Structure formats: structure tokens, C-alpha cells
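Coordinate inspection notes
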Amino acid sequence: MANQGFVQSLNLLEVPDGAEFIQNLAGGTIDADMRLFSGLSSKRSQLFWDRYYNTVSVQKSPSTLTQATQFQWQTDFTYTDDDIISVTPINLLRDVAAEFIGFDFDGVLTNNLSGSFIIFDRGEGYTPGTYNLNLQGGNGSGATGEIVVNSDGIVNSVEITSSGYGYAFGDTFTASLPGNGVGFNVRITGFPWKVVVIGNFAWDTAPLTNQLQIELVNTSNALDGTYDIITPNTGVNVWHLPNNSGNVAYDINRKIYADTQILRNIELYDADGDGSFTNFDKDLINIWYAGDVAGDSENQIVAALNSYIGSNGVASGAIRNTGLRVYNYLSGLDPALWNLDDTGVVNVTKNNNYFVNYLTGSNYVFTSADTLVSQSPTATASSTKHAIAVEFPVPRDPSYSVPNNVVQEYERPYFILKHKIGNTYTNIFDNFGDYGAIQTCTTTQNDWINHVQVGFYNETLNYRILNKFTTFDVDTNSTIYIVVIVTSGTGIGIQSSFGTNPTLTAINASPVFDSSNEYGVIDSDSVSKFFLRTNPGNTIITFSEQFVLSDSNSSFNGQNVAVTTLLPDIILQRDDSLTTANIENLEQPIIVDDGTNTNFNTSLGAFSYDIDGYSEELEVVSDRVAEANYLRSTKYRIDRSLYYVKEININGFMASYDPDEFNLTDANLDFELSPGIYISSSLSQITNPLASDFANKTRSFSSDYNPWKDTAVVGALSTTSLAVTVNDLVWTSEIKLDVNTYIDAVSPAETLEDNFNDERDGSGNPTANNTVSTGESFKLKMLINNEEYFIIMRKST
């Protein structure tokens, strides 16, 4: 599906005809996780990048055959070629909480303009005196104040004695003062609520000593907006003290990533297969991986695993209870599973620490926002190395909590934290400047010819060659040999020479990525991954592979870490605005030519867009959306009975893998963990974790054990596997597939096994042990180079 996204709002005023149709199409028939936008949004379609769930790596672009940075989504929604998008660093919202803090911070107000949270209008004609009264009006309740009326009948001072609860910015209330006065009221001019938000990743607090702002998006109407972060009486930015506050943000984010990696793949890290991840599994993984890194042979690693299992025993229910089974299982897993912290370098010691910390309470436990909002901030920028929660005042009760079922791609709540530099607020999550620099370099003719290879990566100096070309300098009447590279950070100093074979001299440098620019999508598979190119232009974006981390407080200090580990959460947005011109382009033009003018005449007549107007085009879109909804809501459901007429065809082979040799015994075939490929009843919830209805499935085939026999029913394959009902096909006590196998007429008692195991001598004649007395020819069709051939197999006497 091209151009996937969602409709944030409709610009129906620009579509005077067909507005109702579009409203029904975009609002009434499409689920929240599959919104049609196709030119109907007055805003921008959004795609969110969760740094812990999606990946990015340097790959070779199919179109350009050059190394470039590929964004890879763990979902089935992406952008398509030629889409123009902007990229903004954000922090996805993990948790939020709010608390009413009131407005009684000003003490006694004797000047109606002096308060930070309230002001009052004095009124006139009231009876002089001092009154303690309930304040009436506004969104809340329970506010009280001491009101002094002077001898002139005018309110002289107001002191809020109780803020009550639930009031909002802008609320106005009054009190029943004695006398016949008019005009007195109190207005709330401050923000009587505070909010604490917890982000998806930590940030560095050290440089954030200037005024801060926070912008929230995709939360609620009461909370969305931009707010100053006010820290009264401190003069500095105040943070809630985080867990592991002495660790820098980079190290914290690696721990969060490790926790996410382990949690997402917890079943795969269950090395012994007993259904839970324990220290026993962690030790088995460490033994296996340490041996693998050391280059030990399979026998050596298996022996080490057997020794550990023999000394510690195995858990009840473990299906991998020998060193060989554990070795086979772990060796078959994706190597990416051992890159626990996403740095690109697998370290056995670090992995062990991540596993240990996870098993003893995780690597980083988020304190809930509900807990933090009731506490006073305690950490300043000078006393903590990172922050992950921030507090700020808001005008009203935001009435919002982060939903558990947020649509990952399009409706994620997020915030952007900004600090003031001069007169401008800058996004503090924007670290794109660290992703590397593109540098144009000069070299010698000999190096250019013999030592410059496009795509080459210099691991010592950490640069990759992106391009090479020559240019002619008319001033010097000579050829200049140019090499374009991408290198880490801000690059190598201008006019500095570096390296040998080739020796390069940098003449400029520019960042490879900039959040203020727009980029074009290239080489998208329209499903889950794409590259980016510059816009305008076609230079494909390549991040530097490595980044030297320079932070004495980090456990990664001085190490080359993958640049992609620096990525924050990001939002990619595309302009999908609707204009009148867009709609007019779908209508048939007014054609003056009557079809007789041969200059414009075609076989179909005069010039035409070959469409009947946007109404018909939208109906086509509507039909496709309806079909998509049908497929999602009916055909691929697993939680209820299904009936549909479309066939599912598999062109190729299916294989079942049983590394644990689980299927060697008949008894294990009935267990839910038994691997195989099944024919399942439409009533069977095959993904039900309780496995309460696994009886409604029939084994199609499996590894190490074939449940289909040819002995029970003549001329058919049958199985005693459990019976199922698949739509209109009913199989009862014994399941049978009629394979129309020829059974010899003279020897009807012979089985298929006899037929296919008859013995023949070197000339193809039956041996004395052959039981087949007669036979016929069997023809097997084969396709070779798109031509049909047949192999003739004949059973002869």
C-alpha cells in the first residue's frame, strides 16, 4: 500500500461537493490504526520512531549501490518513494500525572495587580469590615478568602486562605459581601496545576542552565501546548531525582535498551526451555557465548555446558536438558539477540551484567509519575547526571493518562524539551550534529586511481568513501582529484592531511543530517524500511558508522560506539494538505477540441485525463478501504469463527524445525510446544496462551516424526491425530487424504511403503526380495527452463 498514514483533520471547506462522502469515507468507515489520508489532511501525516523498538543501520541502497542509512520499522507501515518528509527529534511520553497545587501563594493582596496567581477587582458600595467567606464560581470548589472592605466601601485587600480543589486558569469567582456593593471578583491568573511527565529516554542535564520550555503533542486538548518550566526561588532548572542519578544519559539509555531487548525476547533467552528465564539460563548463555567468542569447537562448548548442567541439575519441565540441545538451540538464534545494548559490539561481561540486573530488578526502573508528582523536585543540574522526568505548571486539570493501547505509528503522545539560547528556544533532543560530517577531500592522481574505492570503510580513521570525481581548475590548468567521505562527529580539520594509501586533505565539512531540512524517501519497500535522500537533489543520506564517545563519567568513555545508538525518538512528518487545485486536478477538464482536430486527436478522441471525476476516484478508494477492512476484521481474525471464499495458496515449501528433538516420542505430539505445521479448525484460537483448545488442530507434518500413514486405509494417507472441522470440510475419528495412489491389482494388500521400497538390481529389475508382481507407469511433471518435462517411473515384474 502506497502512501500510508492517517487523517488528523479534514479540510472539507475546500471540497464543496462531496464533503459528506469524504467525511463518511475518512471518519466513519476506517479504524484508528488504518486511516486514509491520500490527500485529505490539512495537517501532516506522522510516523513515529521508538528508539527501543525500531532499528537503523548502514546498508547498501539498491538504486544507488552505495552505502546509506536505512530506517527499519518493526511494523507494516512506512513511507514510499518520493515522499518528502521532515524529521524532528522528540521524546515519546511514557507516563504522566497531574496534581492541583492551588493559587494561595501570594499572601495578602493589597494591590489588585501584585499577585502572581490571582488579581481582584475592588468593587464598591460594600459594608466596611473583615470577612472570612467562601468563594463562589469557577470550575472547582472549596476556595476561601479573608476579604477586607475599607471605610469607603471598597475591597482593600484579599488573602486566599484555602485554594480548594479543581480550579483552572481564568476562573472568576466572587463572595457574598454585606451591603449593596457591586463589582468585586477574584480572577485566577496563574497555573494552579502541576504536571510531571516521564520520557522514553534520558537526557543530559548539565548544559541546561537556561530557561526551559516544554511542548506536548497528541495528549489531550487540556494538556497539548507549550509551557514554561518555572522553578520558583531557585534560579536553576530543577529535576526529580532519577534512579541511578550518577550515571550519564548515554549509559542509562543503553540500560533501558537492554531491558527492552530482554523483555521483548524473554522466551528466546529461556535456554533450557522450562518456560521461564532464570540465572540458570543466563549462565548457559554465558558459557555458550564465551566459548563461541573464544573460537572453541562445538565439542568443547557442549562439554562445558554438560559440566554445568551436571553440577547444577536441570529445572523441572526443561526440554533442553543436555549440552548438545542447549548448544543447538542457542546456535540457531539470531546473532542480533546478543547485542543487548545496541552498541553493535557484543561484550560477554556487559551482557552478563545486563542479564543479572534484569533478574534482580531490571537495569532501570521508572519511578511512576503518580509518585513523583506528589514530591518536591530535589535534583539540580549540578547534582545529577541525567533526567528522565520533568515538572511544569499547567492551567487546568489535563485529565489525561498515557493509554496502554496507543497506535504505535500515528497517535503516540510525545514532548519536546527546549532551552533558551539568546532569544531562541532550541530542541535539546536534537543531537543530529553527532551523526557525522560529509567532507570533500583532495588527493593525488596515483591515490585517486589506485587507492580510492567507493564504498571502502577505513576502520582506523573511521571514514567511508562515498564518491570520487575529478574537476579541472582553469586557474592552474590542472586536474583536481576529489574524494567525498563521511566521517564521525564534526569531521577532520579543514586543510588537514590524514591517512596513507590514500592520503586525503579535507577542504570542507557539513553535517550529514539536519532537522531543519526536508528529505525525500528512496528505495522504500512500502512496508517497513526506506532510505532518505537530500531534497532537492538526490544525495543519499549516510551516517557515520562509529562515534568516539568522550565522557569520563560514561562506562563507554573513549570507545567507538555505533552512531545509530545516539538516535533519539523521532517523528517523521509528510505534508498531505488538501487544496482546491488538488480536487480540480481530479475533474475532467473542459475540452474545447471536439475531437476533429488531428493535432490533439488520439485513438480515443480528444485529450482526456481518462477519469470521470473525483467522485468515481474516491469510490475506488472506498472500495479498496472496504476490502482492507474486510481482510483485517474477517479474513485474518483468530478470535472467532471465520468464513470466506478466497483461497490461500502457498507456492513453495514449508519446513518445520525441531532442534530439541521434541517429536521423537509419540507422547510429546499432543503438547502445545511440539513443533510442526498444522491444519487448524476455524474455531481454534491457535495463539491462545492457555492452550485450552489445542485439540482442534491436526498435524500436517513435522520434523523427526511423520504422523501420516498409508497402512490404515487402502489407497489413502491417514492419521490418528486429533479430529478437526475446517469450514465445510469435516474430518471425524480418522483423518484421511485420498492421494489416488495406484495399488497393484495382483497384490492389493501391499502398502505404499512396499511400493516405494521395492528392491531392484543394477539393471532396474526386481530382486528376489521384491514383493511387487505387477506394476504400471507413473508420470512426474517437472518444469526446467520454463519447459515441461516428464519423468516416467514404471513398476515392472
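Residues numbered from 1 in each chain as written. Predicted model: local features only at pLDDT ≥ 70, side-chain atom pairs only at ≥ 80, totals over all residues. Heavy atoms only, no water.

Examining the overall build of the chain
Tallying secondary structure elements over the chain gives 11 helices and 41 strands in all. Here the chain holds 797 residues, and the buried ones make up 42% of them. Taking the intrachain contacts of the chain between residues at least 6 apart in sequence as the baseline, contacts between residues at least 24 apart amount to 66%. Split by element, the accessible area of the chain, about 40700 Å² in all, is 49% carbon and sulfur. (Helix = DSSP H or I, 4+ residues; strand = E, 2+ residues; numbered from the N terminus. Buried < 20%, exposed > 50% of the residue type's maximum accessible area, 1.4 Å probe, protein only. Contact = heavy atoms within 4.5 Å. Areas by Shrake-Rupley, 256 points an atom, 1.4 Å probe, with all protein chains shown as cover.)

Notes on empty space enclosed by the protein
Applying the stated criterion across every chain yields a total of 2 cavities of 30 Å³ or more. When its volume is computed, the largest cavity comes out at roughly 80 Å³. Taken together, Ile 198, His 240, Leu 241, Pro 242, Asn 243, Tyr 364, Val 365, Phe 366, Thr 367, Leu 372, Ile 388 and Ala 389 form the lining of the largest cavity. For the lining of the largest cavity, a count of residues per class yields 9 nonpolar, 3 polar and no charged. Empty space within the second largest cavity amounts to approximately 40 Å³. In terms of lining residues, the second largest cavity is bounded by Ile 285, Asn 286, Tyr 289, Trp 338, Val 348, Asn 351 and Phe 355. Broken down by secondary-structure element, the contributors of at least two residues to the lining of the second largest cavity are α3 (279-294) and α6 (348-359). Here the lining of the second largest cavity is composed, by residue class, of 5 nonpolar, 2 polar and no charged. (1 Å grid on protein atoms, 1.4 Å probe; cavity = no way out; pocket = protein on both sides within 12 Å on 5 of 7 lines; lining within 4 Å. Points joined across faces, edges and corners; volume = space filled by probe spheres on them. Nonpolar A, V, L, I, M, F, W, Y, C, P; charged D, E, K, R; others polar.)

Some details on the sheet that holds strand β6 (residues 118-121)
Spatially, 3 strands are ordered β6-β13-β11 in an open sheet, and the strand pairing comes out antiparallel. Looking along the sheet, the strands with just one partner apiece sit at the ends: β6 and β11 (172-173). Here β6 runs beside strand β13 (residues 185-188); their pairing, made up of 4 bridges, is antiparallel. When the sheet's bridge partners are listed, Ile 118 is paired in β13 with Ile 188. (Pairing = 2+ DSSP bridges.)

Side note on the packing of aromatic side chains
Aromatic ring pairs are described here by two measures, namely the spacing of the ring centres and the angle between the planes. Taken as a whole and assessed by the stated rule, the structure comprises 38 aromatic pairs. Members of the aromatic cluster, joined through ring pairs, are Trp 49, Phe 71, Trp 73, Phe 432, Tyr 435, Phe 513, Tyr 519, Phe 530 and Phe 543. One residue, Arg 254, lies across the ring of Tyr 250, its end atom 5.1 Å from the ring centre. Seen from the ring of Tyr 329, Arg 320 lies directly overhead, with NZ or CZ sitting 3.6 Å from the centre. (Phe/Tyr/Trp six-rings, centres within 6.5 Å; stacked < 30°, edge-to-face > 60°. Lys NZ or Arg CZ within 6 Å of the ring centre and 35° of its normal.)

Notes on the sheet that holds strand β5 (residues 108-109)
The sheet built from 4 strands is open, its strands ordered β5-β10-β9-β8 with antiparallel pairing. This sheet does not close on itself; its edge strands, each paired only once, are β5 and β8 (129-134). Here β8 pairs with strand β9 (residues 144-149) via 6 bridges, running antiparallel. Bridge pairing in β9 places Leu 133 opposite Gly 145.

Re unusual backbone geometry
The omega angle of the peptide bond from Asn 501 to Pro 502 is 10 degrees, so this bond is cis rather than trans. Here Pro 502 shows up in the loop between β26 (497-498) and β27 (504-506). A positive phi angle, close to 55 degrees, is found at Leu 65, a residue other than glycine. With respect to the helices and strands, the residue Leu 65 is situated in the loop between β2 (55-60) and β3 (67-72). Its identity as a non-glycine residue notwithstanding, Asn 244 has a phi of 50 degrees, on the positive side. Among the secondary structure elements, Asn 244 is positioned in the loop between β17 (238-239) and α2 (249-264).

A short note on the confidence of the model for the chain
The predicted coordinates of low-pLDDT regions are not to be read in fine detail. Counting all residues, the mean pLDDT for the chain is 77, and 69% of those residues have values of 70 or more. Across residues 1-43, where pLDDT falls below 50, the model places 102 contacts with residues more than four positions away in sequence or in other chains. Below pLDDT 50 for its whole length, residues 579-586 participates in 11 contacts with residues either more than four positions away or in separate chains. (pLDDT = per-residue confidence, 0-100.)

Regarding the side chain of Asn 185
Here Asn 185 is to be found in strand β13. Those residues in contact with Asn 185 that lie beyond four places of it in its chain are Ile 119, Phe 120, Asp 121, Thr 172, Phe 173 and Thr 174.

Comments concerning the nonpolar core
In this structure, Phe 71, Phe 513 and Leu 532 are the most contacted members of the largest nonpolar core, which totals 57 residues. Those residues in contact with Phe 513 that lie beyond four places of it in its chain are Val 87, Phe 432, Tyr 435, Tyr 519, Leu 532, Ile 541 and Phe 543. (Core = buried A, V, L, I, M, F, W, Y, C linked by side-chain atoms within 4.5 Å.)

A word on the side chain of Arg 51
Looking at where Arg 51 falls in the secondary structure, it is placed in the loop between β1 (44-49) and β2. Buried within the structure, Arg 51 lacks any salt-bridge partner; its nearest side chain of opposite charge belongs to Asp 569, at an N-O separation of 4.6 Å. A polar contact of 3.1 Å, which involves the side chain of Arg 51, links it to the side chain of Tyr 52. Polar side-chain contacts of Arg 51 include one of 3.3 Å to the backbone oxygen of Thr 565. Ignoring sequence-local partners within four residues, the contact set of Arg 51 consists of Asn 200, Phe 201, Asn 253, Arg 254, Tyr 257, Thr 565, Leu 566, Leu 567, Pro 568 and Asp 569. (Lys, Arg positive; Asp, Glu negative; His and termini not counted. Salt bridge = Lys/Arg side-chain N within 4 Å of Asp/Glu carboxyl O. Polar contact = N/O pair within 3.5 Å; in protein donor to acceptor, adjacent residues only side chain to side chain.)

Examining the pairing of strand β19 (residues 386-394)
Counting buried residues in β19 gives 9 out of 9 residues, a clear majority hidden from the surface. Pairing analysis gives 8 bridges linking strand β14 (residues 193-204) to β19, with the strands arranged antiparallel. Across the sheet, residue Val 197 finds its bridge partner in β19, namely Val 390.

Brief notes about the environment of Val 373
Tracing the backbone through its elements, the reader meets Val 373 in helix α7 (residues 369-373). Classification of Val 373 as buried rests on a relative accessible area of 4%. Separated by 176 residues in sequence, Val 373 and Val 197 have C-alpha atoms that sit 9.0 Å apart. Those residues in contact with Val 373 that lie beyond four places of it in its chain are Ala 97, Ala 98, Glu 99, Lys 194 and Val 196.

Here we look at the packing of helix α4 (residues 298-312) against helix α5 (residues 323-331)
Two numbers describe how α4 lies on α5: the axes approach to 8 Å, and their chain directions differ by 120 degrees. Comparing the axis directions of α4 and α5 gives the class oblique. Crossing of α4 against α5: the hand is right-handed. Of α5, the residues touching α4 (which contributes Glu 298, Ile 301, Val 302, Leu 305, Asn 306 and Ile 309) are Gly 323, Leu 324, Val 326 and Tyr 327. Residues that form the contact of α4 with α5 fall into these classes: 7 nonpolar, 2 polar and 1 charged. (Axes fitted to C-alpha atoms, helices over the stretch in contact; angles between N-to-C directions. Parallel < 35°, antiparallel > 145°, perpendicular 65-115°, else oblique. Left-handed = near helix turned anticlockwise from the far one by under 90°.)

Regarding the packing of α2 against α6
Contact geometry of α2 with α6 gives a least axis separation of 10 Å together with a crossing angle of 75 degrees. The angle between α2 and α6 places the two elements in the roughly perpendicular class. Counting all contacts with α2, which are made through Arg 254, Lys 255, Ala 258, Asp 259, Ile 262 and Leu 263, the residues of α6 involved are Tyr 354, Phe 355 and Tyr 358. Taken together, the residues of the contact of α2 with α6 break down into 6 nonpolar, no polar and 3 charged.

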